[in-house]
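Residue strings, one per chain:
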Amino acid sequence: MGKRIIFATLLGAIVAFAWGFASWSLLKWHTPKTFENSTELARVIQQNSDGHGMYIIPPPTEDGDPDNAAIENGPFVYATVRPGKIDSWAMWEPMALNFVVNLFLAMLIATLMAKRSHYRSKVLVGTAFGLFAGITASMPQMIWMELPKAEATARLCDPLIAWTLASLVMALIVKKPKRRIFSS
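Counting starts from 1 at the beginning of each chain's written sequence and moves along it residue by residue. For this predicted model, a pLDDT threshold of at least 70 governs which residues receive local features, and a threshold of 80 or more governs which side-chain atom pairs are given and counted, while totals over whole chains, interfaces and linings are taken from all residues. Water and hydrogen atoms were dropped before computing side-chain values, which therefore reflect all heavy atoms in the structure.

**Student:** An account of the packing of helix H4 (residues 92–113) against helix H6 (residues 149–173) is requested, with residue identities and associated values reported.
**Tutor:** Fitting a line to C-alpha atoms yields each axis, with helices limited to the stretch in contact; the angle taken between N-to-C directions then spans 0 to 180 degrees. Labels follow the DSSP assignment, with helices taken as runs of H or I lasting at least four residues and strands as runs of E lasting at least two, numbered in each case from the N terminus. Running from amino to carboxyl end, H4 crosses H6 at an angle of 50 degrees, the nearest separation of the two axes being 11 Å. Taken as axis vectors, H4 and H6 run oblique relative to one another. Note on packing geometry: the crossing formed by H4 with H6 is right-handed. Between H4 and H6, the residues in contact are Asn102, Leu105, Ala106, Ile109, Ala110 and Met113 and Trp163, Ser167, Met170 and Ala171, respectively. Any angle between 65 and 115 degrees counts as roughly perpendicular, while under 35 counts as roughly parallel, over 145 as roughly antiparallel, and the rest as oblique. By definition, any crossing whose near helix is turned counterclockwise from its far helix by less than a right angle is left-handed, and any crossing with a clockwise turn is right-handed. Here a residue-residue contact requires only that any non-hydrogen atoms of the pair lie within 4.5 Å.

**Student:** Requested: an account of the pattern of salt bridges, with residues and values cited.
**Tutor:** For salt bridges, the criterion is a side-chain nitrogen of Lys or Arg within 4 Å of an Asp or Glu carboxyl oxygen. Under the criterion given, the structure shown has 2 salt bridges. With a shortest N-O distance of 3.1 Å, arginine 155 and glutamate 151 are connected by a salt bridge. Within this pair, arginine 155 and its partner glutamate 151 are both found in helix H6, separated by 4 residues, close to a single helical turn. Categorising residues by exposure relies on relative accessible area from a 1.4 Å probe, with only protein chains included: less than 20% of the type maximum marks a residue as buried, more than 50% marks it as exposed, and the intermediate range marks it as partly exposed. For arginine 155, a relative accessible area of 30% corresponds to the partly exposed category. With a relative accessible area of 13%, glutamate 151 lands in the buried category.

**Student:** Can you tell me about the layout of surface pockets, naming the residues and giving the values?
**Tutor:** Put simply, the largest pocket is a space of about 1600 Å³. For each structure, a 1 Å grid was placed over the protein atoms alone; sets of points admitting a 1.4 Å probe that cannot get out are labelled cavities, open sets with protein on both sides within 12 Å along at least five of seven lines are labelled pockets, and lining residues have an atom within 4 Å of a point. Every residue lining the largest pocket is counted, 35 residues in all, and those nearest its centre are Lys33, Phe35, Val77, Tyr78 and Ala79. Those elements that place two or more of their residues in the lining of the largest pocket are helix H2 (38–47), strand E1 (53–57), strand E2 (77–81), helix H5 (119–145) and H6. Sort the elements by how many residues they give to the lining of the largest pocket and H2 lands first, with 6 residues. When residues are grouped by polarity, Ala, Val, Leu, Ile, Met, Phe, Trp, Tyr, Cys and Pro land in nonpolar, Asp, Glu, Lys and Arg in charged, and all others, Gly among them, in polar. In terms of residue class, the lining of the largest pocket is made up of 22 nonpolar, 8 polar and 5 charged. Size it by volume and the second largest pocket reaches roughly 790 Å³. Considering the residues around the second largest pocket, the lining is formed by 26 residues, among which Ala16, Gly20, Trp24, Asn98 and Asn102 are closest to the centre. Breaking the lining of the second largest pocket down by element, the ones donating at least two residues are helix H1 (3–26), H4, H5 and H6. Here the lining of the second largest pocket takes 8 residues from H4, the largest share from any one element. Tallied by class, the residues present in the lining of the second largest pocket amount to 19 nonpolar, 5 polar and 2 charged. Grid points are joined across faces, edges and corners, and a volume is the space filled by probe spheres set on the points.

Here you go:
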């Protein structure tokens, strides 16, 4: 792997990570709501769950089919639940893991960019990946789990914006290898 691809990977990961920070910390478009009396609700959840996992209310019927009447009457809840205590939690751990994921994705995009000659076509690679990620991260959740449209829009736009911005920088660095007619 060339030095330019490695450098572009690092810068692309930094740009994508910076966008994620700005999106979740500075913009107010990811706005999870909280429950009234959340302490009591947390106690009930802890007493009625059997471990870390995805939970749904209303549950399916005994034969596995959706309970249409219960779905129509509500409430509908689809949530990740970790009912028990964890030993410690530090913000830097998920942030570091997220950065490693961004490094992998930036390396994938930079490698594909190296196959293209023109700046615009290189940027299009990252933009297409961002759009694909945004659609797959938001639309199924909106369609099947009733993710509110505002949150679905934010989840669609986050990777699209992150990887478009990263690609604008990466495309300046990544160069298509020169074709050699004769090699020694």
